[in-house]
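The residues making up each chain are set out below.
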Amino acid sequence: MQTIHPSRRNFLKIAAATGGGLLLGFNWTEAEAVAAVDATAASTLAASRVAPGVGFNSYLSISPQGIITILSPNPEVGQGIKTAFPIIVAEELDADWKKVVVEQAPLDTKKFERQVAGGSGSIPHSWKRLRVAGATARQMLLEAAAKRWNVQASECTTDKGFVLHAASNRKLSYGELATEAAQLTAPTDVKLKAEKDFKLIGQHIKNVDNPGILTGKPLFGLDFYREGMLFSMIQRPAFGYKLKSVDSAAAKAMPGIVNVVTFGNNVAVVGKSTWQVKKAKDALKIDWEKDGELESTDDHNRLFKEMLDSTNATVRRKDGNVEEAFKNAAKVVKAEYQCPFLPHNPLEPMNFFAHVRADGVELVGPTQTPELARSETAKLLGIAPEKVTVELTRMGGGFGRRLKADYVIEAVQVSKLVNAPVKVIWTREDDMTGGSYRPAVRYRFEAALDAQNNLIGYKLRGASINAGNATREDNFPSGAVDNLLIDSVDHKSPITTGPWRAPITNFLAFAEQSFIDEISQAAGKDPVQFRLELLDKAKQKPVGAIKYDVDRMKGVIQMAAEKSGWGKKKNVAQGFSVYFSHRSYVAQVGEVSLQKGKPVLQKVYSVADCGIVINQSGAQQQVRGCIVDGIGHAMYGNITFKDGIPEQKNFNSFRLIRLNEVPEVEVHFVQNTIEPTGLGEPSLPPAGGAVANALFKATGKRLRSQPFAEQEGFKGVS
């Protein structure tokens, strides 16, 4: 058992004057607790099941009927956080999961910390805080039962929403004890369960929103409707253009159209239905004029060559004497890898509701960063952030696109201009052509081998468009090579870019892991054994800083090799990849067979070390989703530009992976007691490398550019 020492000021328990009940609020930023009584607030909660406006970060409530309500603050983008958070609380509470109800909290920076869905950081940030919240409530219930029975609390136990006293064969439900527990002082020391005693954590638990999703309940931003609201769609300029003039007469005359307004370089059509505003938007006659460089994919290819040859790169890491190592090398391996721009393409396109009133602003919709939406709105309108409320809906995907607030601000601007509540909706074409894209990158690698085929030198340059630093200079194999140089060059482009699931590593891992296979081939070594030898060197004779856990990385490599039967199978080509990102370690093996002369991806084995797995069901789906996302975009995804205009505008020209192309995926987790690390992103980076290395093994042709299906000899690969 682990002992935690919470202070009192960050917990709140509330007893209702009528009906009773315990409301325990807990601070998600500190493991502290305080007791207080507020009958009015508890009555409000009992009536509405929405947490009252008390000044704490989150709340656990227990009704007299034994219903446990958890107000969850983090945005739900499909990563399962709305299920995982309450599992953690319910575990320490010893709750009956069937009686747990989860409510989505609005933005409240006074009560909550890190109301963000991004960086695979929600669980690592809140793990201990949530456990303390559940454990504190459990201890208060134990003490209430012990007081009623006139026994010591240490003689009592809990199980599935009941306090038990084995010696007298008595038990009381949490609901029966809630009011009495509310009168007690919150404990200053609480004990957390040992991992071996977990009953919910590590099990298969269904997503709490599944019933609503399957029955079409209005959970998503696109579902949101307010009586009297208007709809809007916006025509935006291509990259490098600005608005010159607009003829909106025809659009304004169309049925259901209320107004056509402009702001900045945008033209917004406002009307009474989405179909009416879309038809009117198509009827706009707009003249655009040049406002900067009109970049094309051909320009980017030229820029990449210049950046890779540049003498003005920014050094990110340098160990040893790289020049001497390459000068004395017995063999030098060189290769360049390239990855294109990619759109985010969440199933639910961008949308948001805004109502700008004289007394404040109401925002409702899908955002990964609600605080940014509020602060940008306040800045735009010149008002205090406290005058802006943000209600969160479930998101139909985001992948980093909804970290930005541009689409929220559009709704605010249109609402202000037409003086009415407005919901802005993007079409798929808007979504795909309006940015923000995964940056395009080209990498140049060089490796130096000595006469014994040992890796003695390593160079990596990342040349990127709007990525900043396109490397992760401290990731493996850094620390395992005596002489190493990693640098980068970046081009600033009018084409907007932004975080795309597993930023930077989503394309860097493919390039790095493919090149490591090239080195192992040149050295005449098995790819798995080659990686393990490098990790042994990093462990025994580290060079510079080691910012990854060597043993955890070795663990997933060895387990993946074992589970996949690495090197032991006939008539199948295997490719290996391993990567560390978002504090987690994932190794994958792709298997390819030749069918009628064409390579076919049959299976992917994945082993993840993400610490303690909260929910097996959600975790396995996260891994599978990452792999499908990773291999699908590596094989087929590509956005190209002609004079600042994206050439792919919808799924008829932008290729997605198809259902019959999804391979079998076998998922394994390393069992340990390490606190949970990220999982929403880490399984994506190694996917491209595992597939590329398997395809090379099957065909003898090395893939160095994405998408694979557009490379010579791989057209039609599936």
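If you're wondering where the values come from, they're calculated on a predicted model, not measured in any experiment. (Residues numbered from 1 in each chain as written. Predicted model: local features only at pLDDT ≥ 70, side-chain atom pairs only at ≥ 80, totals over all residues. Heavy atoms only, no water.)

S.K.: Which residues make up the overall build of the protein, and what values go with them?
M.R.: Helix and strand counts for the protein stand at 17 helices and 30 strands. Compactness check: the protein gives a C-alpha radius of gyration of 28 Å against a globular reference of 27 Å for 718 residues, within 12% of the reference. Taken across its 718 residues, the protein has 59% of its residues classed as buried. Long-range pairs, those at least 24 residues apart, make up 76% of the contacts in the protein between residues at least 6 apart in sequence. Approximately 28,500 Å² of the protein is accessible, and the part contributed by carbon and sulfur atoms is 49%. Computing the positive centroid from 89 side-chain charges and the negative centroid from 77, the protein places the two 2 Å apart. (Helix = DSSP H or I, 4+ residues; strand = E, 2+ residues; numbered from the N terminus. Rg over C-alpha atoms; globule rule 2.2 N^0.38 Å. Buried < 20%, exposed > 50% of the residue type's maximum accessible area, 1.4 Å probe, protein only. Contact = heavy atoms within 4.5 Å. Areas by Shrake-Rupley, 256 points an atom, 1.4 Å probe, with all protein chains shown as cover. Lys, Arg positive; Asp, Glu negative; His and termini not counted. Charge placed at Lys NZ, Arg CZ, Asp CG, Glu CD.)

S.K.: How would you summarise the pairing of strand β19 (residues 360-365) if you had to cite specific residues and measurements?
M.R.: Among the 6 residues that make up β19, 6 are buried, leaving the element largely enclosed by the rest of the structure. Burial along β19 is two-sided: the face carrying Gly360, Glu362 and Val364 and the face carrying Val361, Leu363 and Gly365 are both buried. Bridging between strand β18 (residues 351-357) and β19 involves 5 bridges; their strand directions are antiparallel. By the bridge assignment, Arg357 is partnered in β19 with Gly360. In textbook terms, the turn of a hairpin is the stretch between consecutive antiparallel strands, and for β18 and β19 this stretch comprises 2 residues. Where β19 meets strand β20 (residues 388-392), 5 bridges bridge the pair, whose relative direction is parallel. Directly across from Gly365, in β20, lies its bridge partner Leu392. (Pairing = 2+ DSSP bridges.)

S.K.: Got a sec to walk through the pattern of salt bridges? Specific residues and values, please.
M.R.: Here the structure, examined in full by the defined rule, presents 43 salt bridges. Its salt-bridge partner being Lys82, residue Asp209 comes within 3.3 Å of it at the nearest N-O pair. Of this pair, Asp209 sits in the loop between β10 (190-192) and α5 (210-214) while Lys82 sits in helix α2 (residues 81-93), placing them 127 residues apart in sequence. No difference in accessibility class separates Asp209 from Lys82, as the two residues are buried. The partner of Asp209 in a salt bridge is Arg394, and the shortest N-O contact between them spans 2.8 Å. With Asp209 in the loop between β10 and α5 and Arg394 in the loop between β20 and α11 (406-418), this pair connects stretches of sequence that are 185 residues apart. Classification of Asp209 as buried rests on a relative accessible area of 8%. Here Arg394 falls in the buried class, since its relative accessible area comes to 10%. (Salt bridge = Lys/Arg side-chain N within 4 Å of Asp/Glu carboxyl O.)

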